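Coordinate analysis (summary)
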Amino acid sequence: MPATTVSLRMLHPERKAARAMTAEDLWNLPRVGGPEVFPDGAHAVVPVTRYDLEKNEGRTQLYAVPLAAPGEPRALTAPDVSANEPRISPDGKHLAFIRKDGNGKGQLHVMPLDGGEARRITALPLGAFDPTWLPDGSGLIVAGYLFKGFLTPEATAAEAERRAKDPVKAHVTEDRVYRFWDTWLTTGEVPHLFTVDLASGTVRDLMPASEYWFEWMDPCGQYDLSPDATEIAFAGIHFDEQRSLLLTSIFTLSMSTGAITRLAPEHPGDDLRPRYSPDGRFIVHGRTMDPEFYADRTRLMRYDRAAHTSSEWITGWDLSPSNWSFTHNGTLVFEAEQDARVRVFTFGGTGMPQAITDDGSASGTAVSQAGLAVFTHQSLARPAELFAAPIAGGAATRLTHFTDEVSARFGMGEVREMTFAGCEGEDVQMFVVLPPGYVEGRKYPLVHVIHGGPHGISADQFHARWNGQLFAAPGYIVAMVNFQGSTSWGQDFAQRIQGEWARRPFEDLMQATDMLIATGLVDETRMAVTGG
């Protein structure tokens, strides 16, 4: 029997144009990255990446975008050389960023914002990433990789040269932890944090003996500097040999002595993304409880630095926050998946978090002294652009239009949101993207775009890979089902498929298929599946 439709609404209307979207269009769209806000709150710096299909390369340019009043973005870096990871100095006068050197390694550069050329600051053998300004502006902290067994820049440089000349490229190991996705762990790269003095150029390793890893998918954002600049908290990955598990723990690092202390050695799960409160009293971090369940809900914890105790800060809330940061007055701003969206939330310390965005998906959220949350925002019908919303609540304002020129060349289909009764009668949500020029009453081929994981979502976003509009463009109806096991509906909805990963997701997808056939939208003789 086909599933029963619980609800149906038009989420995004059709946008008409002379032709449909192509894969080339998707690659020609500029990709807007996460912002960095100036200390005075008047501007944000945003990276914009453009791809050259003939050269098969992308380059990222940095722009200053006005926040206080509408205005045109101003290019800060040249378009012919990539610049990433922008950081504004505390006095607002200098821009630090990462740019590749002649060897293809990212190095720290600094340029004056009132005019002048960028100056390369580091020459670390395996490159630098994730810079942070010291509060007095005298220098920066930067991360860089070194080889295990060669834990100085000089020794790593010599070993890198030896390896480059060695004709044997095979990976030989007896270590079970030898690879993570596309990253070989046998080569021994581990991140260290360095201080860089701008006046002298001196680079000092803050953790000379460390062999902890940072998150391999995205090593940036894994550490934070205390407000008084005496301590760093970082999330380090290590191997628990007794349980044969990779774990992430929070460690503190003394800026003066280099002593490293693990905050919660008794915790059996992961601790994530430490951030100091503005007054320095607390370290706020994420925590998961079940190391065997990778979609376990992230709890926000607050570690009292004086009492050396940690407690859950937001209780009775079933979503998983991410990318949290503090405003100057202590309000916490973060992102969380909810109902197949990624919304921006604020939390004042009591009660429940409050969403300040609705449909679509936000990312890269930064906060300004003027009380704004600044973020990229996108939907199934619009590529990512920069937006700002008042932290106290109010409508979000679009700040940039980098993608308008390219997206005006093609049409987009209407997006509908449907909720139906899936396996065992549970409510299941899906997005349906209609082909451009859809004619009511005509049957169309169906393509299921099935998200991977299986714990993840097909979100209300303009995905650069699994793009619902691009799949619909040839004349297909696209179904993006958030079957049971998907995230953004709380812990139970995600965890209920453990031990039976096939049954509920499969039945949810088949119920969706039957329902789409029964509505007359789909030609049941022409159906296909794809996905992650």
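Structural notes, computed from the coordinates. Keep in mind that this is a model prediction, so the values were computed, not measured.

1. A closer look at the overall build of the protein chain
Regarding its fold elements, the protein chain presents 6 helices and 37 strands. Taking 532 residues into account, the globule formula puts the C-alpha radius of gyration at 24 Å, and the protein chain, at 24 Å, falls close to it. Expressed as a percentage of the 532 residues in the protein chain, the buried residues total 51%. Sequence-distant contacts, at least 24 apart, represent 51% of the contacts inside the protein chain between residues at least 6 apart. Here the protein chain has roughly 23,900 Å² of accessible surface; of this, 51% comes from carbon and sulfur atoms. Across the protein chain, the centroid of the 47 positively charged side chains sits 3 Å from that of the 67 negatively charged ones.

2. What about the pairing of strand 11 (residues 128-133)?
Burial analysis of strand 11 places 5 of its 6 residues in the buried class, the great majority of the element. As judged from the 4 bridges shared by strand 11 and strand 12 (residues 139-147), these two strands associate in the antiparallel manner. Pairing of Phe129 across the sheet is with Ala143, part of strand 12. What sits between the antiparallel neighbours strand 11 and strand 12 is a turn of 5 residues, in which Gly137 has the positive phi angle 75°.

3. Digging into the layout of surface pockets
Size it by volume and the second largest pocket reaches roughly 340 Å³. Around the second largest pocket, the lining residues are Glu159, Arg162, Arg163, Asp166, Val168, Lys169, Ala170, His171, Val172, Thr186 and Thr187. For the lining of the second largest pocket, the per-class residue count stands at 3 nonpolar, 3 polar and 5 charged.

4. A word on empty space enclosed by the protein
In this approach the atoms are scanned with a rolling probe the size of a water molecule, which exposes any empty space left behind. Here the structure, examined in full by the defined rule, presents 1 cavity of 30 Å³ or more. Each pocket or cavity is described by its volume, and for the largest cavity that value is around 40 Å³. If you go around the largest cavity, the residues you meet are Arg297, Thr298, Arg299, Leu300, Glu312, Ile314, Trp317, Leu319 and Pro321.

5. Here's the deal with unusual backbone geometry
The peptide bond linking Gly453 to Pro454 adopts the cis configuration, its omega dihedral lying at 5°. Along the chain, Pro454 falls in the loop between strand 35 (444-450) and helix 4 (468-472). At Trp181, a residue that is not glycine, the phi angle is positive and equals roughly 50°. Trp181 gets classed as exposed once you look at its relative accessible area, which sits at 64%.

6. Details of helix 6 (residues 503-518)
Over its 16 residues, helix 6 extends 22 Å from the first C-alpha to the last, a length consistent with the 22 Å expected when each residue adds 1.5 Å. Buried within helix 6 we find Arg504, Pro505, Asp508, Leu509, Ala512, Thr513, Met515 and Leu516. One or two residues past the end of helix 6 sits Gly520, with phi positive at roughly 85°.

7. Section: the pairing of strand 23 (residues 299-304)
Two faces belong to every sheet, and in a regular strand the side chains alternate between them. Relative to strand 23, strand 22 (residues 282-287) runs antiparallel, the two sharing 6 bridges. Looking at the pairing, Val284 lines up with Arg302 of strand 23. One ladder, built from 4 bridges, connects strand 23 with strand 24 (residues 309-312); its direction is antiparallel. Within strand 24, the position partnered with Met301 by the bridge is Glu312. Connecting the antiparallel pair strand 23 and strand 24 is a turn made up of 4 residues, with His308 showing a positive phi of about 60°.

8. Section: the sheet that holds strand 20 (residues 260-262)
What the 4 strands build is an open sheet, ordered 17-18-19-20; its pairing is antiparallel. Among the strands making up the open sheet, the edge pair consists of strand 17 (223-225) and strand 20. Between one strand axis and the next, the sheet turns through 30° on average, direction left out of account. Sheet topology places strand 19 (residues 245-254) next to strand 20; 3 bridges connect them, and they run antiparallel. When the bridges of strand 20 are listed, Phe251 appears paired with Arg262.

9. Here we look at the pattern of salt bridges
This model, assessed by the stated rule, comprises 29 salt bridges. Notably, a salt bridge pairs Glu385 with Arg398, separated by 3.4 Å at the nearest N-O pair. Taken as a pair, Glu385 in strand 31 (residues 382-390) and Arg398 in strand 32 (residues 397-398) lie far apart in primary sequence, 13 residues in all. Take Glu385: its relative accessible area is 0%, and that puts it in the buried class. Given the relative accessible area of 26%, Arg398 is considered partly exposed. Salt bridges sharing partners connect three or more residues here, namely Arg9, Arg341, Asp359 and Glu417.

10. Things to note about the packing of aromatic side chains
Taken as a whole and judged by the stated rule, the model has 18 aromatic pairs. Their ring planes at 45° and their centres at 6.2 Å tell us that Phe214 and Phe234 sit as a pair that is tilted. Here Phe214 is found in the loop between strand 16 (203-205) and strand 17, whereas its partner Phe234 is found in strand 18 (residues 231-240), with 20 residues between them in sequence. Accessibility expressed as a relative area gives 2% for Phe214, which makes it buried. Members of the aromatic cluster, each reached through a chain of ring pairs, are Tyr212, Phe214, Phe234 and Phe251. The ring of Trp27 carries Arg31 above its face, with NZ or CZ at 4.6 Å from the centroid. The ring of Trp184 carries Arg179 above its face, with NZ or CZ at 4.5 Å from the centroid.

Definitions and limits used
Residues numbered from 1 in each chain as written. Predicted model: local features only at pLDDT ≥ 70, side-chain atom pairs only at ≥ 80, totals over all residues. Heavy atoms only, no water. Helix = DSSP H or I, 4+ residues; strand = E, 2+ residues; numbered from the N terminus. Rg over C-alpha atoms; globule rule 2.2 N^0.38 Å. Buried < 20%, exposed > 50% of the residue type's maximum accessible area, 1.4 Å probe, protein only. Contact = heavy atoms within 4.5 Å. Areas by Shrake-Rupley, 256 points an atom, 1.4 Å probe, with all protein chains shown as cover. Lys, Arg positive; Asp, Glu negative; His and termini not counted. Charge placed at Lys NZ, Arg CZ, Asp CG, Glu CD. Pairing = 2+ DSSP bridges. 1 Å grid on protein atoms, 1.4 Å probe; cavity = no way out; pocket = protein on both sides within 12 Å on 5 of 7 lines; lining within 4 Å. Points joined across faces, edges and corners; volume = space filled by probe spheres on them. Nonpolar A, V, L, I, M, F, W, Y, C, P; charged D, E, K, R; others polar. Expected span 1.5 Å × (residues − 1). Axes fitted to C-alpha atoms, helices over the stretch in contact; angles between N-to-C directions. Salt bridge = Lys/Arg side-chain N within 4 Å of Asp/Glu carboxyl O. Phe/Tyr/Trp six-rings, centres within 6.5 Å; stacked < 30°, edge-to-face > 60°. Lys NZ or Arg CZ within 6 Å of the ring centre and 35° of its normal.

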